[in-house]
Amino acid sequence: MVDTNNDALKSILVVGGGVAGMQAALDAANQGYRVYLVEKNPSIGGRMAALDKTFPTLDCSACILTPRLSEVARHPNIELLTYSEVEHVQGTLGDMRVRVRRKARFVDETKCSGCGDCARECPVEVPNEFDEGLGFRKAIYVMFPQSTPNVYTIDSSACIRCKRCVRVCERGAIDLDMQDSTVELHVGVIILSTGYRLFDVRKYPRYGYGRYPNVITAMEFERLINAAGPTNGHLIRLTDGAVPKRIAFIQCVGARDVKKGVPNCSRVCCMYGVKNAVMAREHDPDAEVSVYYADIRAFGKGFEEFYEMARSRFGVNFVKGRVGEIIEDPETQNLRFEVEDTLSGRILNVEHDLVVLCPGLQPADDLHRLAEMLGLRTSEDGYVEIRDALTAPLETDHPGVLVCGCADGPKDIPDSVTAGSAAAMRATILLSSGGAK
Ligand SMILES: Cc1cc2nc3c(=O)[nH]c(=O)nc-3n(C[C@H](O)[C@H](O)[C@H](O)COP(=O)(O)OP(=O)(O)OC[C@H]3O[C@@H](n4cnc5c(N)ncnc54)[C@H](O)[C@@H]3O)c2cc1C
């Protein structure tokens, strides 16, 4: 445990191990600072770990992320505190005491080799959250193959305590009586990088999500087309296993909609929608793929070109217009709806085999609690309010707390990484000047 003020001036806590938090941790650690990276899930990686390809380059997400995961795990200046949450914070810039709760994994991190014998033996299967519930995992599990740390975790709500895992584990790593524990940290700066959650698309009953199995979300689509996903990368309908030939993407589900209390643009949905439309055509060049949108906001570097390529090279059909109620054909389970093409003024009646809803982004579940604990203002949409959008875009009202990635608003991966680097730089500047602002 660190406990002198001098040590605190060399220590940084990063809360949230997505791509933004990982970048912040690496950049601060590479400058010689001690970094504690607290992640509430059993593995770092955040949402990027679940994506298939990334816009605008269509690079494989896991190929970019995996080396970063191991860099973070192996860095001598980074201490990973996964499956952990910040419970209490006291103090200010240069001198903050933090209590972190380490949830019981029921597996000793220092002994587990990640061999997977335990999971093979485990008789319990539950829906896999990492695959958006489309596949299954065992009660003892790793989130995904490159989970970092590569250590198993027992889901206590699913475990039936049959002890088969205990018996098969040669290293004696499993401890079914393990309790939560706490660690006290002394740091100079906290960087919040808690990311986002997705808008609950059930709030649009007219789209039928949850009632019609062939209406899925974009995140489910990402897992379906992913070679490591529940269908080994085969894009099929969940009702009958058929390859969908007419696929619709519906944009702005839970974004730019005052009536649903989400007036703001989520910034990434246009591009991930366009990307997934391209991926659908790549998977099956015979498929008819349509994107129903309000506006295409292709604002980033290379984004407009990517959108143009989707249209011209991949033949994606773009229709500007709000989609009405979706009706499922009870026999075919195809989906029909009406939409006004506002560019031509025509009312279209269309039928699709698969509909993909592209939800907006919202603040992470726990952000409100953290903000209250740290005395931070949040904006109307629930994100952390920054001190000054023009001159202090990473700083909050709390002098020792910085923010990056999607914790202060939706961002794509390049912007999240940039913000992570910037937050690390800002943190080290604040600390190297002795904690004075
Ligand atoms: C369907 C879809 C497709 C996308 N495709 C692309 C793409 O192709 N290209 C692109 O640039 N962007 C894409 N994005 C956006 C991309 O996901 C984000 O830019 C990126 O994940 C943001 O990183 P982050 O670190 O800010 O947040 P996250 O990835 O959300 O990571 C946040 C981390 O913080 C952890 N956390 C949350 N709360 C706490 C807490 N209280 N304590 C500890 N840990 C906590 C979370 O568990 C998580 O690990 C896509 C988004 C969606 C929804």
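To start, this report covers the structure provided alongside it. (Residues numbered from 1 in each chain as written. Predicted model: local features only at pLDDT ≥ 70, side-chain atom pairs only at ≥ 80, totals over all residues.)

Remarks on the sheet that holds strand β24 (residues 401-403)
Read across the sheet, five strands follow the order β5-β2-β1-β13-β24 without closing on themselves; strand pairing throughout is parallel. For this open sheet the edge positions go to β5 (78-82) and β24, each flanked by a neighbour on one side alone. Strand after strand, the sheet turns through a mean of 20 degrees between neighbouring axes, direction not considered. Here strand β2 (residues 34-39) runs beside β5; their pairing, made up of five bridges, is parallel. Across the sheet, residue E39 finds its bridge partner in β5, namely T82. Across the sheet, helix α2 (residues 19-30) is in contact with β1 (11-15), β2, β5 and β13 (189-192); its angle to β2 comes to roughly 165 degrees. (Pairing = 2+ DSSP bridges. Helix = DSSP H or I, 4+ residues; strand = E, 2+ residues; numbered from the N terminus. Axes fitted to C-alpha atoms, helices over the stretch in contact; angles between N-to-C directions. Contact = placed C-beta atoms within 7 Å.)

Remarks on the site of the ligand
As a structural note, the neighbourhood of the ligand is formed by 39 residues, with G16, G18, G46, G195 and G405 the closest of them. Among the secondary structure elements, those contributing two or more residues to the shell around the ligand are α2, β2, β14 (196-198), α6 (218-224), α7 (269-283) and α10 (413-432). Considered class by class, the residues forming the shell around the ligand number 18 nonpolar, 12 polar and nine charged. Looking at which domains feed residues into the shell around the ligand, each of domain 1 (5-103 + 180-195 + 364-432) and domain 2 (199-361) gives three or more. (Near = placed C-beta within 6 Å. Nonpolar A, V, L, I, M, F, W, Y, C, P; charged D, E, K, R; others polar. Domains from an automatic or database assignment.)

A closer look at the sheet that holds strand β16 (residues 246-253)
One open sheet accounts for five strands, arranged β15-β22-β16-β17-β18; its pairing is parallel. Single-partner strands in this sheet number two, and they are β15 (215-217) and β18 (317-320). Mean inter-strand twist for the sheet, computed between neighbouring axes without regard to direction, equals 25 degrees. Two elements, β16 and strand β17 (residues 288-293), share five bridges in a ladder whose sense is parallel. When the sheet's bridge partners are listed, F249 is paired in β17 with V291. Relative to the sheet, α7 contacts β16, β17 and β22 (354-359), its axis offset from that of β16 by approximately 175 degrees.

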